[in-house]
Amino acid sequence: MEFNRVFIQPQKKIKKIALEEHFLTQALAPYSANSEQGVTPEAMEDFKKRLADFDGLRLEEMDKAGIDISVLSATTPGVQVEPNAIVAVRKAKETNDFLAKTIQRHPTRYAGFAHLPMQDPAAAASELERAVQQLGFKGALINGHTNGEYLDDEKFFPVWEQAQNLDVPIYLHPANPKVEPVVLSGYPELAGPMWGWQTETSSHVMRLIVGGVFDRFPKTTVILGHMGEGLPFDLWRLDSRYVIVPHSKALAKQPSQYIRDNIVITTSGVDSFPPLLCSILALGSERILFSVDYPYESSQEAADFINKAPISETDRERICFRNAERILKLA
Ligand code: MN
């Protein structure tokens, strides 16, 4: 069929930049223990091997899938669950220095997102500045709440201010909630990446919106993985119900407008056409970025998905690399 030839089989290889690609160092490994529950030991062993590798398996899988650049970040939750802020500050710096050295070995293949010690917001803000200005990183990836405190809390405003001043995005990545939500109790399969992370992270974004963070820092860009954690599906209802519920704060715009203006999303871990098409219609193809979520997802599957998506070549190019080049200033 002509349709298949044109839409299902792209004619040329398209450059790909992936943004939610994780690593783990020995110093950060103890923090991930909680996130390992519910994964089979065999799968975890494979993840750990890939998380610690930068010169072999990772580049092989990128090459096979046709991924040109991976923007690397420490896997969830990292130092954000460290109880001692001084230790968190030290380990975050060490992680960023390690990542900078790794990128230096493969400067055309890797870029970096900073790991931040959010327990000390002033230190996190200056570490973000150091990571961007001295190490050449493209922004930061923050793993959800820090000890139960979310990024709408005024104590974190120095980090937002720094991100806005530096004109770099904050990737808001899921983490386990501090307290298990009652509605998920008794079903461990619901707690993590299958379901709980999505509600935790989309709720975090809604706190930022109704808490006025984007009115205070209107030029900030938040990157959400997993096709926007469900939010592109919800825009109309957010606005329709917002008018009839009590407001904690007066907002300058309708809730959906902040998602359109301050949020961009990645395709990490969602290789499915219906949510991709919904996201293009809801946000526009200039706000959707290709990603894998390596090593937890297959690079090949993610690349095949976007290569075969029933979208225009203009949209495909934006999603595969043009939006990333613009937002991360990679071009
Ligand atoms: Mn991830």
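In this report, the structure presented in the accompanying data block is examined. (Residues numbered from 1 in each chain as written. Predicted model: local features only at pLDDT ≥ 70, side-chain atom pairs only at ≥ 80, totals over all residues. Heavy atoms only, no water.)

Considerations on the nonpolar core
Filter applied, for reference: Among the buried residues, those of types Ala, Val, Leu, Ile, Met, Phe, Trp, Tyr and Cys that are joined through side-chain atoms within 4.5 Å form a nonpolar core. The rule is simple: take the accessible area with a 1.4 Å probe, protein chains only, and divide by the maximum for that residue type; under 20% is buried, over 50% is exposed, in between is partly exposed. Helix and strand assignments follow DSSP, with helices taken as H or I runs no shorter than four residues and strands as E runs no shorter than two, numbered in order from the N terminus. Note on definitions: a residue-residue contact is assigned when non-hydrogen atoms from the two residues lie within 4.5 Å.
Counting 95 residues, the largest nonpolar core has L19, L116, L128, W160 and L276 as its most contacted members. For this core, the leading source of residues is helix α4 (residues 85-105), giving six residues. If sequence neighbours within four positions are ignored, L116 has contacts with V79, Q80, A92, A124, E127, L128, A140, I142 and V159.

Here's the deal with helix α2 (residues 41-51)
In an α-helix, one full turn covers 3.6 residues, which means residues spaced three or four apart are oriented alike. Our working rule: This arc describes the spread of directions from the helix axis toward the C-beta atoms.
Those residues of α2 that fall on the buried side of the exposure criterion are M44, F47, R50 and L51. Around the axis of α2, the buried residues are gathered within 130° of arc, so they sit on the same side. The exposed set on the far side of α2, more than 90 degrees from its buried face, consists of P41, E42 and E45. Against β1 (17-23) and α3 (57-65) lie the buried residues of α2.

Focus on the sheet that holds strand β2 (residues 69-74)
The criterion, for reference: Here, any two strands with at least 2 DSSP bridges between them count as paired. The axes are straight lines fitted to the C-alpha atoms, using for helices just the contacting stretch, and the angles between their N-to-C directions are given from 0 to 180°.
Across the sheet, which stays open at both edges, the three strands sit in the order β1-β2-β3 with parallel pairing between neighbours. Each edge of the open sheet carries a strand with a single partner, namely β1 and β3 (110-112). Sheet twist, expressed as the average angle between the axes of neighbouring strands with direction ignored, equals 35°. The sheet contact formed by β2 and β3 spans three bridges and is parallel. Within β3, the position partnered with L72 by the bridge is G112.

A closer look at unusual backbone geometry
Trans is the prevailing form of peptide bonds, just as negative phi is the prevailing case for residues other than glycine. For the peptide bond that leads from T76 to P77, omega is -5°, which places it in the cis range. For N147, which is not glycine, the phi torsion reads 50° and is therefore positive. Positive phi values are uncommon outside glycine, yet D293 reaches one of about 85°. Its relative accessible area of 8% is what places D293 among the buried residues.

Remarks on the packing of aromatic side chains
By convention here, two paired aromatic rings are described through the distance between centres and the angle between planes. As a reminder of what qualifies: Note on ring pairs: Phe, Tyr and Trp rings are taken, using the six-membered ring of Trp, and paired if centres are within 6.5 Å. Classes follow the plane angle, with under 30 degrees stacked, over 60 edge-to-face and the rest tilted.
Counted according to the given criterion, the structure contains nine aromatic pairs. Taken together, a centroid distance of 6.2 Å and an interplanar angle of 40° make the contact between F23 and F98 tilted. Placement of the pair is F23 in strand β1 and F98 in helix α4, with a sequence separation of 75 residues. For F23, a relative accessible area of 1% gives the class buried. Pairwise contacts between aromatic rings join F23, F54 and F98 into one cluster.

Considerations on the sheet that holds strand β8 (residues 288-289)
Sheet strands associate in pairs through backbone hydrogen bonding, adopting either a parallel or an antiparallel arrangement. Here we have five strands laid out as an open sheet, ordered β4-β5-β6-β7-β8, and parallel in their pairing. At either margin of the open sheet sits one strand with a lone partner, and together these are β4 (140-143) and β8. When strand β7 (residues 263-266) meets β8, the two strands line up parallel, connected through two bridges. Counterpart to T266 in the pairing with β8 is L289.

Brief notes about helix α14 (residues 313-327)
Note the following rule: To estimate how far a helix should extend, the number of its residues minus one is multiplied by 1.5 Å. A residue's bend is simply the angle between two axes: one fitted to the seven residues ending at it, one to the seven starting at it.
With 15 residues, α14 should reach 21 Å at 1.5 Å per residue; the first-to-last C-alpha distance of 20 Å fits that figure. Of all the bends in α14, the largest measures some 55° and sits at I319. When we look at burial in α14, the residues that qualify are D315, R316, E317, I319, C320, F321, N323, A324, E325 and I327.

Describing the coordination of the manganese ion
Operational definition: Sodium, potassium and calcium take a 3.2 Å donor cutoff, other metals 2.8 Å, and in both cases only N, O and S atoms count; water is not among them, so sites may look incomplete.
Those protein atoms acting as donors to the manganese ion are E20 (OE), H22 (NE2), H173 (NE2) and D293 (OD), and they sit at 2.0 to 2.3 Å. In this structure H22 comes out as buried when scored by relative accessible area, which is 1%.

Notes on a nonpolar patch on the surface
Convention followed: Only residues whose relative accessible area exceeds 30% and that take part in no salt bridge are eligible for patches, with like-charged residues grouped when within 9 Å of each other and nonpolar side chains (Val, Leu, Ile, Met, Phe, Trp, Tyr) grouped when within 5 Å. Accessible surface area values rest on a Shrake-Rupley calculation with a 1.4 Å probe, where residue burial reflects the displayed protein chains alone. Salt bridges are identified by distance alone: a Lys or Arg side-chain nitrogen within 4 Å of an Asp or Glu carboxyl oxygen.
Among the surface-exposed residues, V243, I244 and V245 lie close enough to one another that they form a single nonpolar patch of about 280 Å² accessible area. For V243, the location among the structural elements is in the loop between α10 (235-242) and α11 (255-262).

With respect to the pairing of β4
Counted only if it meets this: Handedness rule for crossovers: strands pointing away from the viewer, path from the first strand over the helix to the second running clockwise, crossover right-handed.
Every second residue of β4 is oriented toward a common face, with A140 and I142 on one face and L141 and N143 on the other, all of them buried. Direction of pairing for β4 relative to strand β5 (residues 170-173): parallel, over a ladder of four bridges. Bridged to I142 within β5 is L172. In the classification by handedness, the crossover that spans β4, the intervening helix α6 (residues 157-166) and the parallel β5 is right-handed.

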